[in-house]
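# A look at the structure
Letter by letter, the chains look like this.
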Amino acid sequence: MALVAVAALLWSTTGVVSRVLFEQTEISPLMVAFIRLAVAAPLFTAIGLLHQGRGFLRLPPAAGRWLLLLGLAQAGFQVGYLSSVEKIGAGLATLIALCLAPVLVALLGTLLLGEALTRRVLTALALAIAGTALLVISPQAMNIGEGLWAGVGYGLFAAGVYAAFTLISRYAADHVHPMQSAALGFGVGALVMVPALSMEGLAPLIETAALTVPALAYLALIPTTLGYVCFFSGLRHTTATISSILVLLEPLGAALLAWALLGEALGPFGLLGAIMLTVAVMGLTVPGFARRLLG
């Protein structure tokens, strides 16, 4: 259980460190996303080979298609989320992208998989929409200026892609080891970014190397590689329900860090919106919570 909590707290630092990079350098969200995935993928492969040997490289016949989709989803989420961080800040971007995603998973499960559209799902969806609206219309958000709606759009896109990633992962989990999904998914995600990245060049990375190199090394090695290793290891000793609750530490931790280190205050409306988003997620993940909430 502790390892899952550690993973969530490590992930919560991603937005804050990325925000500092965007404010202090000309590096793009695309570059940050690429380096995170490109560095983590071979490390996941090495860890997998160490624990499983050559069996790590053997995949079921149909797994390639699903791992390709995982890679595309991972790339889309990383670019969307980091673009949102660049535009509207770490706290607001993380709350929108990561608190909306579980609600969208439940909605997509209903639309695509024929799962029942229960009162719990409808309530969570209403709370999530209202909470997101409060975050966006808060005076603190409105002060962001012209980048607000682009940032919110990127955050919504990231939430949608992450929801798709979650649904694909559910299927892949029945066929491949989680570390295989991470290694190949991250690898594919990095590869699909190469064409766009080639047009950008390395100048922004080189010009401010004293800041970008250690910051990117931290992002790739600590919240990405170490974070996922802690998460996968913790899952073996933690129930799915407890894991889903502990993962809430990521958006809440990101909001607190953004406030403490970057001065990104949510304000009363934003705070209420964050609480509503959290309640929506808990209503979907905590057994009995929705029943107690609805009476």
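Presented here is a report on the structure given in the accompanying data block. Quantities reported herein were computed from a predicted structural model and do not represent experimental measurements.

### A look at a nonpolar patch on the surface
Taken together, the side chains of Leu68, Leu69, Leu72 and Val192 make up a nonpolar region of the molecular surface, amounting to roughly 310 Å² of accessible area. If you tally residues by element for the nonpolar patch, the top one is helix H3 (residues 63–88), at three residues. Note on placement: Leu68 falls in helix H3. Assessed through its relative accessible area of 43%, Leu68 is described here as partly exposed.

### Section: helix H5 (residues 119–137)
The terminal C-alpha atoms of H5 lie 27 Å apart, and with 19 residues this matches the ideal 27 Å at 1.5 Å per residue to within 8%. Those residues of H5 lying buried are Val121, Ala124, Leu127, Ala128, Gly131, Thr132, Leu134, Leu135 and Val136.

### Concerning helix H12 (residues 249–262)
Here H12 spans 18 Å end to end across 14 residues, near enough to the 20 Å set by a 1.5 Å rise per residue. Of all the positions in H12, only Glu250, Pro251, Gly253, Ala254, Ala255 and Ala258 are classed as buried. Positive backbone phi, approximately 70 degrees, marks Gly263, located one or two places after H12.

### Here we look at the packing of aromatic side chains
By the definition in use, this model includes 10 aromatic pairs. Centroid distance Phe77 to Tyr162: 4.9 Å. Interplanar angle 50 degrees. Geometry classified as tilted. Pair noted here: Phe77 is in helix H3 and Tyr162 is in helix H7 (residues 147–172), with a separation of 85 residues, a long-range link. What makes Phe77 buried here is its relative accessible area of 8%.

Basis of the calculations
Each chain has its residues counted from 1, following the order in which its sequence is written. Whole-chain, interface and lining totals are the exception, using all residues; otherwise, since this is a predicted model, local features are given only for residues with pLDDT of at least 70 and side-chain atom pairs are given and counted only at 80 or more. In computing side-chain values, all of the structure's heavy atoms are included and hydrogens and water are not. Within the patch definition used here, like charges are joined within 9 Å and nonpolar side chains (Val, Leu, Ile, Met, Phe, Trp, Tyr) within 5 Å, considering only residues with over 30% relative accessible area and no salt bridge. In short, Shrake-Rupley with a 1.4 Å probe defines the accessible areas, and a residue's cover is counted only from the protein chains shown. For this document, the term salt bridge refers to a Lys or Arg side-chain nitrogen within 4 Å of an Asp or Glu carboxyl oxygen. Here a helix means four or more residues in a row that DSSP labels H or I, a strand means two or more in a row labelled E, and each is numbered from the N terminus. For the exposure calls, accessible area comes from a 1.4 Å probe over protein chains only, and a residue counts as buried if that area is under 20% of its type's maximum, exposed if over 50%, partly exposed in between. Helices are assigned an expected span. That span is 1.5 Å times one less than the residue count. Side-chain rings of Phe, Tyr and Trp, where Trp is taken by its six-membered ring, are said to pair if the distance between their centres is within 6.5 Å; with planes under 30 degrees apart they count as stacked, over 60 as edge-to-face, and otherwise as tilted.

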